[in-house]
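Structural overview for review
So the chains spell out like this:
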Amino acid sequence: MTQCKIVIVLYFVFAAIPLSGFSHNLPLSVNHALKQMGIPPSAVSIYVHEIGAARPLLAINADTAMNPASVMKLVTTFAGLELLGPAYTWKTELYANGVLNGDVLQGDLIIRGYGDPRLNLENFWLLTRRLRQTGLREITGDLVLDNSYFDTLDLDQAAFDGKPHRAYNIIPEALLVNYRTLALRLIPQAESKGVRIVVDPLPESLDLSNNLKLIGGKCDDWHDTLGADIRPAMKGTGRASIVFNGAYSVNCGEKTLLLSLHDSPTYTFSLFKQLWAEQGGVFRGKVRTGIAPEGMLPLETHQSPTLAEVVRDINKFSNNISARQLYLALGMATARITRPADGLTRGATIRNTANLAKSNAAIRLWLASRHLHFPELIIENGSGLSRNERISASHLGQLLLSAFQSPVMPEFLSSLPITAVDGTMKTRLNDTAVAGQAHIKTGSLEGVRTMAGYMLDKSGRRVIIVFLVNHPKSGGAQLAMDALLEWIYDRP
């Protein structure tokens, strides 16, 4: 081979190698931050891939199965957008089971849920308002709650961390009203050196004692300084109590504590009666669970916000409850069961229920349809609130690459928190060049800190980033994660 030909061959060989180069080595700034926090490289999994490049830019322990915490929501929400569609909505049906005599229902009102993750206070108010607009004013029978669409009766709300009253632990329900939570707004009162507590909604079955003292100092771990004695409602009494005997720093400003203290029938009944009375309605019965009769036409049907809006809430603010409700909906995306030839109407639909096994199967079928093979994947509830869920950084990176080529990419990408702008990234990387340049989903559990998403670097290249840390000192990993984001943004 002539010298000229050798030069030409070498030119094309070197031209094919990116200047940034594939690496198994941690950037120095990231390595330094990890050492500073006492986190060994073996506890870290990183995958960085520029979109359009043949190889990843960086891969550290990328094939190791790791606990992703809330980053698992990326799997659930991308699957939801593709399987159900961005315009998908959940319905909630209301039935009049009795005789309608003018504006009086002589019988029961049935509310049948289908897993709406956004049947919050505002939307439940809209539901009661629409019911009132049908002309109905008085209900003489009971309020019957139909939760039969979900088969989740064996789930334990205290299983994750023994704190069943914390809102993030709420079990999915087909008829989940306002996440079954009470929002306690803590408002400092500098003049009286006290703290005002506003409960919304305020149920009749709550006893609240506020002995909080307003103090100075830093606002660190404010939940732990409240000295709260929380007693959820016991079966039979329906009453819950909260006693605050601690302190609250004036530097915390206004905060909101979300608690789940009542069972679903007690909570829903209390809220319905309150909202129904505000609409000028009269209710004379009690509450019980039941099933809407087959073949009955609904008196009114409420539609949820679109899935695109729900996904934004899930990813921007890491909403565990909505993620779990969506995960259960995935199992029903293709489930169609018909009655056998047993003398009944051929092909008539029988009542089908959502459960975790169906959702798991739906996720795996969907991944296979996209030629994504994740043998290490363990997905328990789709929210990441799990000690058992697992995925590798490289496979999560492949999922993000696939999502970028999907028709639902705009809805998916825009649902992720933006650095220094909103969601769980609102206070991260402020006053840096990375501010506003990355869409990053974060995750955090005890012993787990994670992030994954997309960045536009200083040269206008779109880069996928996955950073998973599983270690007892993972709480200090944010320094290393921010260092990686800055390194990627500034690279040549």
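To be clear, the structure that these remarks concern was listed above.
Now for a look at the structure at hand. Treat the numbers as computed from the prediction; the structure is a model and nothing was measured.

**Thoughts on the packing of helix α6 (residues 307-317) against helix α7 (residues 320-330)**
The contact between α6 and α7 brings their axes to 8 Å, and the two run at 135°. Relative to α7, the element α6 lies oblique. Seen along the crossing, α6 lies across α7 with a hand that is left-handed. Contact with α6, carried on its side by Leu-307, Val-310, Val-311, Asp-313 and Ile-314, involves Ser-322, Ala-323 and Leu-326 of α7 and no other residues of that element. Looking at the contact of α6 with α7 residue by residue, the class counts come to six nonpolar, one polar and one charged.

**Digging into the state of the cysteines**
Per the stated rule, a full pass over the model turns up one disulfide. Put simply, Cys-219 and Cys-252 are joined by a disulfide, and their sulfur atoms are 1.9 Å apart. Here the S-S torsion is close to 105°, and the disulfide linking Cys-219 with Cys-252 is therefore right-handed. Taken as a pair, Cys-219 in the loop between β11 (213-215) and β12 (228-231) and Cys-252 in the loop between β14 (247-249) and β15 (255-259) lie far apart in primary sequence, 33 residues in all. Cys-252 sits in the buried class, given a relative accessible area of 10%.

**Considering the side chain of Thr-268**
The topology assignment puts Thr-268 in helix α5 (residues 264-278). In contact with Thr-268, other than residues within four places in its own chain, are Phe-124, Leu-145 and Val-177.

**Some words on the environment of Ala-62**
Mapped onto the elements of the fold, Ala-62 is located in the loop between β2 (58-60) and β3 (65-66). Along the chain, Ala-62 and Gln-398 lie 336 residues apart, while their C-alpha atoms are 11 Å from each other. Apart from residues no more than four positions distant in its own chain, Ala-62 is found in contact with Ser-45, Ile-46, Tyr-47, Ser-392, Ala-393 and Ser-394.

**Examining the pattern of salt bridges**
Pairs can form between side chains of opposite charge once their charged atoms are near each other. On inspection of all chains with the given rule, the structure shows 18 salt bridges. For the salt bridge of Glu-254 with Arg-185, the shortest nitrogen-to-oxygen distance reads 2.9 Å. Within this pair, whereas Glu-254 is found in the loop between β14 and β15, its partner Arg-185 is found in strand β8 (residues 182-189), the two being separated by 69 residues in sequence. A residue is classified by how much of its surface remains accessible, and Glu-254, at 46% relative accessible area, is partly exposed. Close ionic contact of Asp-457 with Arg-491 constitutes a salt bridge, the shortest N to O distance being 3.4 Å. One end of the pair, Asp-457, is in the loop between β21 (448-456) and β22 (462-470); the other, Arg-491, is in the segment after α11 (478-490), and 34 residues separate them in sequence. Here the two residues Asp-457 and Arg-491 agree in accessibility, since each one is buried. Connected through salt bridges with shared partners, the residues Glu-50, Asp-457, Arg-461 and Arg-491 form a single ionic network.

Conventions we followed
Residues numbered from 1 in each chain as written. Predicted model: local features only at pLDDT ≥ 70, side-chain atom pairs only at ≥ 80, totals over all residues. Heavy atoms only, no water. Axes fitted to C-alpha atoms, helices over the stretch in contact; angles between N-to-C directions. Helix = DSSP H or I, 4+ residues; strand = E, 2+ residues; numbered from the N terminus. Parallel < 35°, antiparallel > 145°, perpendicular 65-115°, else oblique. Left-handed = near helix turned anticlockwise from the far one by under 90°. Contact = heavy atoms within 4.5 Å. Nonpolar A, V, L, I, M, F, W, Y, C, P; charged D, E, K, R; others polar. Disulfide = S-S within 2.5 Å. Buried < 20%, exposed > 50% of the residue type's maximum accessible area, 1.4 Å probe, protein only. Salt bridge = Lys/Arg side-chain N within 4 Å of Asp/Glu carboxyl O.

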